[in-house]
Amino acid sequence: MQSYNSFEVAKQQVLEAARLLNLDEATIELLTKPQREMNFTLHVRMDDNTTKIFQAYRIQYNFARGPAKGGIRFHPDETVDTIRALACWMVWKTAVVDLPLGGGKGGVCCNPKILSERELENISREYVRMIAPLLGSDKDIPAPDVYTNPQTMAWMMDEFETIMNRHERGVFTDKPQQIGGTEGRRDATARGGVITVREACKVYGFDPSKNFAIQGFGNAGQRAALLHHEILGGGKLIAVSDSRGAIFNSNGLDPKELVTHKLKTGSVINFKESEPISQDELLELDVEILYPAALENAITSENASNIKAKVICELANGPTTPEADLILYDKNVHVIPDILGSAGGVTVSYFEMVQDNYSYFWDETLVHQRLDKKLTTAYHTVQEAIKDKKVHPRLAAMVVGIARVAEACKLRGWV
Ligand code: NAD
């Protein structure tokens, strides 16, 4: 199987959009390089009293529209280029939904599946100790990503506030509600994605009551399974996968029971009344809607021509390669690109920062209404760019995001 460098993919996408926007050389150079990279090691005390060294990164890709914003991922396969790509995509994502933020991302090369709770806490606190002066609600605001969660954010915020000797809750988002988290953050990424699917159904006439499948059954995937029916009023989940395997049932899988099964056993495999299929087969099933909610480069030139879904809503970051985008466009598959389809999470993270800043919290209904408005507006703005530029949805979304960032760079006198 071909391997992909996600940052090369991300830069290729920027160059295509920059060409359509006729951006000058200096602007293109600025937008294809991170503004600040931190590459550091963590020395962490383990349960057996030994010390282990972990490679860590924080990349603040662009600040033109506001402080850097983006998750921290704990994953054994993390590389600096994966983080660069994820940081780069965050810049266009915050711009597409028109948030006053830039983009960033961080990560630690570690395998949380073999670490104890105490070891994860030590890693989280050491991470913050290494870069605390460069974090802050007006500098860089991390959030959870793959294999990190609100507990990780709680440890990190506590470490930051201890170092700084003051409260600053808005420095991390997707915290537990008891310490400054917001209503509606846990399902925000999935909710935002399903809202964009709802709009796509209205515009293109897709049928939301038909079958759907989900690749990846973590935070984003599980919540999409639970919300699909609620927001779209129908639809049958027939397949899901996670890192250990995939399962299928043409009569439908019960999302609630599946979430309970995953929590209890650690995987979706062996769920009652389901048959095992391969993770690759899941992507090629005959469904109306497919949600990639795992990792990068899932849909490539090798499998794109076999995709049968009519709509792909990308909850994951970077699940489709540029070659695959073109194949899907030719096949009339409507791709809701990651920088739009997964923007619900960062949108509600932004709402959390706003609430933390004035220490007054909204109810869930208000969060949902404001999220819906942001995502619906963004979906239709991208639709206009699709029609105007006659390009596939990712390129159209990139054009919207990059135009906004390039304008901010120009206004600041950077280029
Ligand atoms: P998570 O750690 O909660 O879940 C990841 C899931 O993917 C797990 O179920 C894991 O088993 C599964 N997985 C890993 N490799 C797989 C494979 N090869 N095939 C199938 N499944 C596989 O992470 P998450 O927060 O749900 O994030 C998932 C994706 O969504 C990532 O790309 C992330 O960057 C993106 N995203 C998440 C958020 C958020 O708010 N959580 C926001 C925007 C984008």
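Since we're looking at a predicted model, the values are computed, not measured.

Quick look at the sheet that holds strand E2 (residues 51-62) now. Reading across from one edge, E1-E2-E4-E3-E5 is the order of the five strands in this open sheet, with mixed pairing throughout. Looking at which strands have only one partner, the edges of the open sheet turn out to be strand E1 (36-45) and strand E5 (140-144). The average angle at which neighbouring strand axes cross in this sheet is 20°, direction not considered. Relative to strand E4 (residues 103-108), strand E3 (residues 68-74) runs parallel, the two sharing three bridges. Paired with isoleucine 72 across the bridge in E4 is glycine 106. With respect to the sheet, helix H4 (residues 117-131) is in contact with E1, E2, E3 and E4, its orientation differing from that of E1 by roughly 140°.

The subject of this paragraph is the nonpolar core. Formed by 86 residues in total, the largest nonpolar core has its most connected members in Trp92, Ile214, Val240, Leu258 and Tyr291. Other than its neighbours up to four places away in sequence, leucine 258 contacts Phe217, Leu237, Val240, Ile247, Leu253, Val268 and Phe271. Phe74, Cys110, Leu120 and Met153 belong to the second largest nonpolar core, which has 26 residues in total.

Turning our eyes to something else, we now look at the site of the ligand. Within the structure, the ligand sits among 25 residues, and Thr189, Asn219, Ala220, Ala294 and Asn317 are positioned closest to it. Interatomic distance of 2.8 Å between a backbone N/O atom of alanine 220 and an oxygen atom of the ligand. Between the ligand and asparagine 317 there is a distance of 2.7 Å, counted from an oxygen atom to a side-chain nitrogen or oxygen. The fraction of the free accessible surface of the ligand (810 Å²) that becomes covered by protein chains is 87%. For the shell around the ligand, the residue count by class is nine nonpolar, 10 polar and six charged.

Further remarks concern the domain arrangement of the protein chain. For the protein chain, the assigned domains are domain 1 (32-172) and domain 2 (188-341). Taking only C-alpha atoms, the centre of domain 1 and the centre of domain 2 are 27 Å apart. Taken residue by residue, the interface counts 13 residues in domain 1 and eight residues in domain 2. Summing both sides of the interface, domain 1 and domain 2 together bury roughly 900 Å²; the carbon and sulfur share of this comes to 58%. At the junction of domain 1 with domain 2, the criterion picks out one salt bridge. One salt bridge connects arginine 73 with glutamate 296, and the closest N-O pair in it is separated by 2.7 Å. The interface formed by domain 1 and domain 2 holds three residue pairs in polar contact (both at pLDDT 80 or more) in total. In terms of residue count, the dominant contributor to the side of domain 1 that touches domain 2 is helix H3 (residues 80-96) (six residues). Of the residues assigned to the side of domain 1 that touches domain 2, the class counts are six nonpolar, two polar and five charged.

Criteria and cut-off values
- Residues numbered from 1 in each chain as written.
- Predicted model: local features only at pLDDT ≥ 70, side-chain atom pairs only at ≥ 80, totals over all residues.
- Heavy atoms only, no water.
- Pairing = 2+ DSSP bridges.
- Helix = DSSP H or I, 4+ residues; strand = E, 2+ residues; numbered from the N terminus.
- Axes fitted to C-alpha atoms, helices over the stretch in contact; angles between N-to-C directions.
- Contact = heavy atoms within 4.5 Å.
- Core = buried A, V, L, I, M, F, W, Y, C linked by side-chain atoms within 4.5 Å.
- Buried < 20%, exposed > 50% of the residue type's maximum accessible area, 1.4 Å probe, protein only.
- Near = heavy atom within 4 Å.
- Polar contact = N/O pair within 3.5 Å; in protein donor to acceptor, adjacent residues only side chain to side chain.
- Areas by Shrake-Rupley, 256 points an atom, 1.4 Å probe, with all protein chains shown as cover.
- Nonpolar A, V, L, I, M, F, W, Y, C, P; charged D, E, K, R; others polar.
- Domains from an automatic or database assignment.
- Buried area = accessible area lost by both parts, 1.4 Å probe.
- Salt bridge = Lys/Arg side-chain N within 4 Å of Asp/Glu carboxyl O.

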